[in-house]
Amino acid sequence: MPTDPGAADGLAGRIASRLARRRARRVDPSLAAAAVLLPLVRRDDLWRLVLTRRARTLRRQPGDFAFPGGMVEPGDDSALGAALRESREEIGLDPARVRVLGRLDERRTYHGFRLSAFPVEIGPGARLAPGPEVEEIFEIPWIALPEMEQTSVERLPVGPDGELRSRVIFRYPFEGRDVWGLTARLIRDLLDVAA
C-alpha cells in the first residue's frame, strides 16, 4: 500500500496552519452567498477527500459531482453554519464530528453566487449516509489527486454579458467519474494550500 505523504506530517494540521497564516480573498459581497465543506477523512492510513454525486432528479445541476453544501439562508448564522447545516442534510455529517481547518478564497460561481469553501477534518467514527439530494458519497485518496489532475484551456461565457474568455479547466477523473468545474477548481485550491 502506498504511503500517504500527508500522514507523516499531518495533512489536516498542515492545511490548518497554512490557512491560519493568510486571509481568505473575498468576492463581491452583494452576490447571493453559498458555502461548501471540503471534508477530509483518514481511513486505512490514507487521507481521503469526500465528495458527492447530486441526485439526478434535482432541478439544478442534476448528477453533478460536488462538495456538500448549498445556499446561505436567512436563518443561518454564517456561511460556515450554512455549509454545516447543508452537510448534515446531504450526507448526514454531524457537526460535532468536524474540525474546521480554515477558509479558502471565495469563488464567484458560473451562476453568479459568492461561494465560501471550508476544508474540514471528519473525526473518527463519523457515519455518512446520502440524503434525498445526494445519489452517492465517494472518497478520492489524497495521494492520487496530483497525478490524476488534467487541465485544458477552454473558451467559456463569463459574467453577465456572456463574453467568451479563455479559462483553465481542471478535471479529476476517478473510477469512471469526471470531477470538473468549480468542484475541481476547489480541489486545486486545496492542493495549492497543502503543497
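Keep in mind that this is a model prediction, so the values were computed, not measured.

Comments concerning the overall build of the chain
Stage number 1. Each helix and strand counted, the chain has five helices and eleven strands in total.
Stage number 2. Since a compact globule built from 195 residues should have a radius of gyration of about 16 Å, the 16 Å found for the chain is in line with a globular shape.
Stage number 3. In terms of overall dimensions, the chain has C-alpha extents of about 50 × 40 × 40 Å along its principal axes.
Stage number 4. With 195 residues in all, the chain has 47% of them scored as buried.
Stage number 5. Considering only residue pairs separated by 6 or more positions, the chain has 63% of its internal contacts joining residues 24 or more positions apart.
Stage number 6. Per element, the accessible surface of the chain, about 10,300 Å² overall, is 50% carbon and sulfur.

Points about the pattern of salt bridges
Stage number 1. In the structure shown here, the tally under the stated rule is 25 salt bridges.
Stage number 2. Here Glu139 ties to Arg43 by a salt bridge, and the two come within 2.7 Å at their closest N and O atoms. On the criterion of sequence distance, the pair formed by Glu139 in strand β8 (residues 134-141) and Arg43 in strand β1 (residues 33-43) is long-range, its members being 96 residues apart.
Stage number 3. Linking Arg53 and Glu136 is a salt bridge whose minimum nitrogen-to-oxygen distance equals 3.3 Å. On the criterion of sequence distance, the pair formed by Arg53 in strand β2 (residues 46-54) and Glu136 in strand β8 is long-range, its members being 83 residues apart. Neither residue differs from the other here; Arg53 and Glu136 are each classed as buried.
Stage number 4. Among the charged side chains, a network of salt bridges with common partners joins Arg53, Arg56, Glu135, Glu136, Glu175 and Arg177.

Some points on unusual backbone geometry
Stage number 1. The phi dihedral of Asp44 falls on the positive side, at around 50 degrees, and the residue is not glycine.
Stage number 2. Along the polypeptide, Asp44 turns up in the loop between β1 and β2.
Stage number 3. With a relative accessible area of 59%, Asp44 lands in the exposed category.
Stage number 4. Positive phi outside glycine occurs at Glu175, with the angle close to 50 degrees.
Stage number 5. When its relative accessible area of 63% is taken as the criterion, Glu175 is described as exposed.

A few points about the nonpolar core
Nonpolar side chains in soluble globular proteins tend to be buried together.
Stage number 1. Core analysis: the biggest nonpolar cluster contains 35 residues, and Ile15, Trp142, Leu145, Tyr172 and Ile187 have the highest contact counts within it.
Stage number 2. It is helix α5 (residues 181-194) that contributes the most residues to this core, seven residues altogether.
Stage number 3. In contact with Leu145, other than residues within four places in its own chain, are Leu49, Ile140, Tyr172, Ile187 and Leu191.
Stage number 4. In this structure, Ala79, Ala83, Phe118 and Ile122 belong to the second largest nonpolar core, which totals 14 residues.

A few points about the side chain of Arg177
Stage number 1. Along the chain, Arg177 turns up in strand β11 (residues 177-180).
Stage number 2. Excluding residues within four positions of it along the chain, Arg177 makes contact with Arg53, Phe65, Glu136, Phe138 and Tyr172.

Thresholds applied
- Residues numbered from 1 in each chain as written.
- Predicted model: local features only at pLDDT ≥ 70, side-chain atom pairs only at ≥ 80, totals over all residues.
- Heavy atoms only, no water.
- Helix = DSSP H or I, 4+ residues; strand = E, 2+ residues; numbered from the N terminus.
- Rg over C-alpha atoms; globule rule 2.2 N^0.38 Å.
- Buried < 20%, exposed > 50% of the residue type's maximum accessible area, 1.4 Å probe, protein only.
- Contact = heavy atoms within 4.5 Å.
- Areas by Shrake-Rupley, 256 points an atom, 1.4 Å probe, with all protein chains shown as cover.
- Salt bridge = Lys/Arg side-chain N within 4 Å of Asp/Glu carboxyl O.
- Core = buried A, V, L, I, M, F, W, Y, C linked by side-chain atoms within 4.5 Å.

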